[in-house]
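Secondary and tertiary structure notes
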Amino acid sequence: MTRNVKPYIIFIFFFLLGLSAFSQSIFKGTITHAYTNSPIQHAYISIKELNVNTYTGTNGNFEFKDIPKGDYHIKVKKIGFQDTVFSIKLISETYIINLSLTPGSYEMDSVIVTATRNEKNTTDLPVSIGIINRELIQAIPAITADEYLVYISGINISRHFGIFYKTGDVTMRGLNRNVYTLLLIDGIPASIVDGGAANWNRINPENIRKVEVIKGPNSSLYGSNAMGGVINIITKKPTQAFKGDAKIFYGTYNTYGGSLNLSGSTIKNEKGFYWATDGFVRRSNGYVLYPDSLKESTDVATYLNENNLTLRSGFQFNKHHNIEMQLTLSDNTMGAGRKIFEEKGNYDRDLFYFWNARYNGTIGKAKIYAAAFYKYNWNDAQKESIKQNGSYTFLNTYTNSNDKGLWCNVSLPFKQNHTFTFGLDSKIGKTTSSDIYRTSTDTVTYQGNLDYYGLYLQDDIVIIKNKLKSIVGVRSDLVNFYNPDFYIDAPSGITSFMLPYLTSLKEKNWKAISPKAGLLYKFNDSLSVYLNFSKGFRSATLSDMCKTGDVNKGFKLANPDLKPEFISNIESGFIYKYRNLEIESTVFYSIGKNFQYFVGTGDSIYTTKTKKQPVIKRENISRVEIYGAEISMHLTINSKLSFFANYTFNHSQIKDFDTTIFISKNLTDKFLIDVPTHRIFSGFIYKSNLFNASMVHKYVSASWADDENTIKVKGYSLFDAKISKKVFSDFNISIIAENIFNTVYLDSKGMLPPGRFFLASIQYSF
Amino acid sequence: MHNYLNKIKIFFLAFSIVCFILFFNSCLKEENKGAAPTLSFKIDSNYIYEDDTVLIGKTFKVGINATKGDVNITNLIIKVSHDSTFTYLDTGMNTASFSITKTIIKGIAPKETWTFIVRDKAGNSQTVVLHIYSDTNSVYGNINTIPSIQLGAQNNTSLGSFLDIKNNKVHPLSQAYMLQDSIEILYYYDAIQTDANTIASPNANLDPSVFPGNEGISNWTIKNETRYIKTNLTNADFENCDNDSILIANYNETLAKRKAKNLTTGDIYIFRTAKNKLGMFKVIQVSGQESGFIEIKVKIQPS
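Reference entry: report on the structure contained in this document. (Residues numbered from 1 in each chain as written. Chains lettered and ligands numbered in written order. Predicted model: local features only at pLDDT ≥ 70, side-chain atom pairs only at ≥ 80, totals over all residues. Heavy atoms only, no water.)

What about the overall build of chain B?
Of regular secondary structure, chain B possesses four helices and 17 strands. The 303 residues of chain B split such that 46% are buried. A separation threshold of at least 6 residues defines the contact pool for chain B, and within that pool the share at least 24 residues apart is 62%. Counting every atom, chain B has about 14,800 Å² of accessible surface; 49% of that belongs to carbon and sulfur. (Helix = DSSP H or I, 4+ residues; strand = E, 2+ residues; numbered from the N terminus. Buried < 20%, exposed > 50% of the residue type's maximum accessible area, 1.4 Å probe, protein only. Contact = heavy atoms within 4.5 Å. Areas by Shrake-Rupley, 256 points an atom, 1.4 Å probe, with all protein chains shown as cover.)

Given below as structure tokens:
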């Protein structure tokens with residue numbers, strides 16, 4: 001009997017073994033980004049019933065082996081994306097899924113384009129970045145597009161008058177003028193060639209999909225104006241056959257208006273047509289800018305009248321080629337808070353037309369981006385004043401600018417370790433500005449052309465895979481200033497005093513070389529550190545080179561010899577991500593050269609019969625030293641609650657101000673004006689089925705209001721909040737409260753902010 | 001309930017679209033120049049309103065009436081041409097209509113062309129012209145001489161600052177306040193705008209801190225204006241002058257100012273008072289600052 005049992009046991013063993021093999025399955029798949037189709041690494045996948053989990057690899061793949069056939073609940077999680085839960089029924093040997101994750105949490109997106117003009121993972125870049133995605137825009141209590149930037153460290157948003165601020169003022173990295181921040185919309189410069197400051201009021205936050213911020217000089221890729229950093233606003237791309245959002249709102253100071261966004265897409269199998277329209281209007285009676293102690297009889301409430309429309313259409317040829325065209329029309333008028341005789345009082349009206357066409361494509365291994373654009377900007381600034389001697393002056397300043405440009409960028413991988421990015425940018429701009437006096441015969445005109453040409457090359461190098469990366473690049477820019485002119489028609493006593501100061505204007509050109517080098521080391525998926533050196537520059541404006549006339553500080557002479565400003569920056573930082581916590585920190589040191597400042601010539605002049613003013617000129621002073629530190633943190637406590645905070649320290653000081661060259665007070669060791677030493681922004685975001693809520697605290701420390709550092713503007717602390725609720729499935733009601741505790745603080749000119757400001761809105765989505 | 005919600009949704013959407021179109025429609029409208037303002041001379045027995053002949057040194061009145069076209073009038077310019085063209089007045093305003101009267105002293109030029117221009121906000125203009133000829137029967141008039149007038153600066157406690165030139169009386173601030181219509185000349189030391197020793201008049205836009213208080217000039221209801229023009233006349237020219245020819249020949253309203261500033265010994269100024277009397281003064285001595293004084297010699301057309 002015993003001799004016959006052994007083979008049977010062996011047979012049964014193998015039979016059962018074979019049987020078990022037939023009962024196991026392989027469950028595997030790929031996880032990709034819903035918008036960009038790029039693979040998502042380190043996404044967490046778990047099988048609830050079996051209590052097993054795994055992570056996707058660098059190619060977004062995952063695999064579970066030896067899974068018994070049956071029904072299972074699968075959960076997929078990744079920081080920065082919406083959790084996804086679904087069910088599967090394993091009946092075959094292999095079960096394969098391809099899943100897209102939609103960015104849905106408030107933390108950073110994993111992909112950024114602006115840093116290298118090419119899509120990169122945020123953890124693979126030796127540079128300080130910040131991202132605000134759509135979910136954050138919907139959650140943060142803010143009204144204008146720039147106010148959302150409180151989420152990112154290193155950015156100073158100066159919107160002292162709230163929505164009544166003409167353009168918004170965004171500065172970065174210890175610099176004190178908004179012309180040092182380059183604003184892009186879908187990769188195209190938003191500002192005009194002359195001046196460089198962008199108008200944030202033209203941007204409708206409802207149309208923003210994502211904001212990408214690169215901190216520090218980035219002229220190696222973007223040329224002039226990218227001295228403090230680059231902000232790229234990426235607009236929404238239609239994905240549904242038809243979608244719409246209609247919103248109306250009402251708030252303090254009789255502020256009312258609405259927006260209407262319509263879009264549609266016929267894209268199927270990565271081919272098709274899409275379109276979108278986005279309109280936004282706002283009106284408000286405004287408020288009086290001056291406190292009662294300083295108010296004059298001619299001070300009235302500011303007002304605003306804003307109208308903005310964007311039309312977009314695009315065609316997706318296939319997975320590899322896409323073209324898009326966009327037209328933006330904007331007509332915004334803002335009262336300046338003074339009225340003497342004219343019905344509209346003093347105001348600033350800005351008419352802006354912006355057309356662009358963009359191509360994105362892949363040919364072989366090369367990724368190509370090409371864009372053409374045309375901008376027309378017409379500005380009418382009306383000003384009435386009564387001088388000390390009782391004389392009345394009324395003038396309109398008409399400024400007419402038009403820019404056109406071509407941008408082309410190619411990204412090409414080379415061997416396994418290199419990705420070359422190279423391109424050519426050109427911007428051709430002309431500005432004409434006339435002060436037309438209504439109360440005399442004078443017309444004062446200046447004009448000029450500014451052309452920019454830039455050529456750049458960058459290499460993104462993988463030195464050690466998944467460990468050590470480097471980016472090196474350089475850009476050469478040529479700036480051409482020509483056709484300058486400044487003249488006065490029919491001068492009377494109002495402007496005839498200027499005639500002896502008119503000098504011949506010369507054509508000029510400048511070159512700028514902007515290098516960049518950065519090194520990134522990844523300890524692991526959670527921690528990376530970087531070191532970065534970069535240079536930036538900004539050319540002079542037509543106004544400073546051509547126009548002579550009154551400014552707040554005195555009587556300004558044109559300076560056609562004005563040179564570009566330069567900044568060199570070195571910084572180091574780290575990014576740490578662990579589970580639901582993200583921390584990012586940077587320290588930096590910059591030296592600015594040829595910074596432009598108003599300095600006295602030693603002369604003074606009577607600009608009216610009684611008013612004597614110093615004669616000043618914008619000159620390139622010597623050296624400015626800037627150093628600082630930034631740290632930001634985001635913590636997702638649970639699926640409903642998250643908390644963020646950031647702190648910025650800036651020290652910005654003038655060095656080597658040579659008084660033997662400039663007849664002016666010695667500004668050596670004086671601090672740059674309007675740069676607060678400390679800024680702290682913090683807040684929480686709560687999201688539930690019942691309602692959503694958020695609160696932001698802003699602290700800005702004191703700053704200097706004058707070049708000689710004798711007047712200090714006090715620091716202030718503000719609280720903003722937002723609460724919203726979905727009703728009837730398609731409606732969303734929200735209330736935003738800015739400056740909840742009605743903190744009173746004055747700006748450097750002694751003017752008031754709007755105080756506590758409420759805005760209630762109803763939105764219908766269909 | 002479902003139908004009701006759908007109706008609300010449709011209404012909301014339609015309302016938003018209509019509002020949006022209406023709001024956005026209120027955009028840029030091109031500014032037309034429109035109709036020009038109208039301008040005419042005031043016709044009255046005491047006024048000159050067509051080409052005329054006037055005795056040298058005599059005053060005459062010209063009045064103009066202006067009414068806007070489509071937009072308000074913002075600029076009035078008065079020019080006078082004889083050897084050269086001078087701007088007599090160039091002032092800003094913002095009004096639908098106005099009338100002004102100017103009292104002008106006939107100069108020595110055989111022919112003066114007075115051009116009156118009004119301009120409006122849109123850049124339209126209207127012009128009227130008057131030619132005034134010198135009467136060949138003109139004779140120069142007598143002048144009175146006042147050998148010495150002493151005026152104290154604003155803090156001088158022994159000398160008044162305010163001059164009633166017609167009656168050759170000097171008054172302190174408190175008395176001058178009661179005699180506003182008589183005060184045509186005053187003296188002060190200006191440290192604010194660094195004009196130093198200055199002869200002016202109540203309507204010269206002095207800083208209120210110079211003569212402060214309830215009786216200060218800023219509270220006067222009648223502020224006469226005298227205008228001054230610095231000359232290159234010599235001391236001999238001044239002393240030898242025995243009629244008003246030199247005054248008429250050298251006074252130019254378009255160049256005259258409301259203040260004679262930074263006065264030093266020997267300066268000679270010609271002036272026209274609010275009562276349209278031409279005169280001139282020579283600085284004999286000037287001393288001190290806010291508590292100082294000035295001594296002048298005056299020759300003036302009789303009242």
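Observations concerning empty space enclosed by the protein
All names here are of chain A. Throughout the structure, instances matching the rule amount to eleven cavities of 30 Å³ or more. Estimated volume of the largest cavity: approximately 230 Å³. What lines the largest cavity is a set of 19 residues, among which Ile185, Arg202, Ile203, Thr310 and Thr328 lie closest to the centre. Elements with a minimum of two residues in the lining of the largest cavity: strand E13 (181-185), strand E16 (229-235), strand E20 (304-316), strand E21 (321-335) and strand E22 (347-363). Considering only residue class, the lining of the largest cavity consists of nine nonpolar, eight polar and two charged. (1 Å grid on protein atoms, 1.4 Å probe; cavity = no way out; pocket = protein on both sides within 12 Å on 5 of 7 lines; lining within 4 Å. Points joined across faces, edges and corners; volume = space filled by probe spheres on them. Nonpolar A, V, L, I, M, F, W, Y, C, P; charged D, E, K, R; others polar.)

A few points about the side chain of A:Arg358
All names here are of chain A. Checked against the element boundaries, arginine 358 lands in strand E22. Of note is the side chain of arginine 358, whose polar atom sits 2.5 Å from the side chain of glutamate 324. Of the polar contacts made by the side chain of arginine 358, one reaches the side chain of asparagine 356; its length is 2.7 Å. Dropping the residues within four chain positions of it, arginine 358 is found in contact with Asp186, Ile188, Asn322, Ile323, Glu324, Gln326, Tyr369, Ala370 and Ala371. (Polar contact = N/O pair within 3.5 Å; in protein donor to acceptor, adjacent residues only side chain to side chain.)

Let's talk about the pairing of strand E8 (residues 125-134) of chain B
All names here are of chain B. Bridge analysis of strand E2 (residues 52-54) against E8 gives three bridges, and the strand direction is parallel. When the sheet's bridge partners are listed, threonine 53 is paired in E8 with tyrosine 133. Bridge count between strand E7 (residues 111-120) and E8: nine bridges; the pairing is antiparallel. Opposite isoleucine 117, over in E8, you have threonine 127 as the bridge partner. What sits between E7 and E8 in their antiparallel hairpin is a turn of four residues, with glycine 123 showing a positive phi close to 95°. (Pairing = 2+ DSSP bridges.)

Quick word on the pattern of salt bridges
All chains considered together, the criterion is met by 43 salt bridges over all chains. Notably, a salt bridge pairs A:Glu206 with A:Arg134, separated by 3.6 Å at the nearest N-O pair. Remark: A:Arg134 occurs in helix H2 (residues 134-139) and A:Glu206 occurs in the loop between strand E14 (188-189) and strand E15 (208-215); sequence separation between them is 72 residues. Residue class for A:Glu206 comes out buried when judged on its relative accessible area of 13%. Relative accessible area serves as the criterion here: at 13%, A:Arg134 is assigned to the buried category. Salt bridges sharing common partners tie together B:Glu225, B:Arg227, B:Glu253, B:Arg258 and B:Arg272. (Salt bridge = Lys/Arg side-chain N within 4 Å of Asp/Glu carboxyl O.)

Quick word on the nonpolar core
Across soluble globular proteins, nonpolar side chains show a tendency to be buried alongside one another. Residue and element names in this part refer to chain A. Ranked by internal contacts, the top residues of the largest apolar core, which has 35 residues, are Ile132, Leu149, Trp200, Val211 and Ile231. Filtering out sequence-adjacent residues up to four positions away, leucine 149 remains in contact with Ile132, Ile155, Ile157, Val170, Trp200, Val211, Val213 and Ile231. Core analysis: the next-biggest nonpolar cluster, separate from the first, contains 27 residues, Tyr437, Tyr452, Met498 and Trp510 among them. (Core = buried A, V, L, I, M, F, W, Y, C linked by side-chain atoms within 4.5 Å.)

What about the pairing of strand E3 (residues 59-67) of chain B?
Residue and element names in this part refer to chain B. Here four bridges tie strand E1 (residues 38-41) to E3, and the two strands are oriented antiparallel to one another. Bridge pairing in E3 places serine 40 opposite asparagine 65. Sheet topology note: the E3/strand E6 (residues 97-105) ladder contains nine bridges and is antiparallel. Considered in E6, the bridge of valine 62 is made with lysine 102.

Here we look at the sheet that holds E6(B)
Sheet strands associate in pairs through backbone hydrogen bonding, adopting either a parallel or an antiparallel arrangement. Residues and elements named next belong to chain B. With antiparallel pairing, the three strands of this open sheet are ordered in space as E1-E3-E6. One side of each edge strand has no neighbouring strand; the edge strands of this open sheet are E1 and E6. Going across the sheet, the axis of each strand differs from the next one's by a mean of 20°, ignoring polarity. (Axes fitted to C-alpha atoms, helices over the stretch in contact; angles between N-to-C directions.)

Geometric descriptors of this kind do not, in isolation, establish any biological role.
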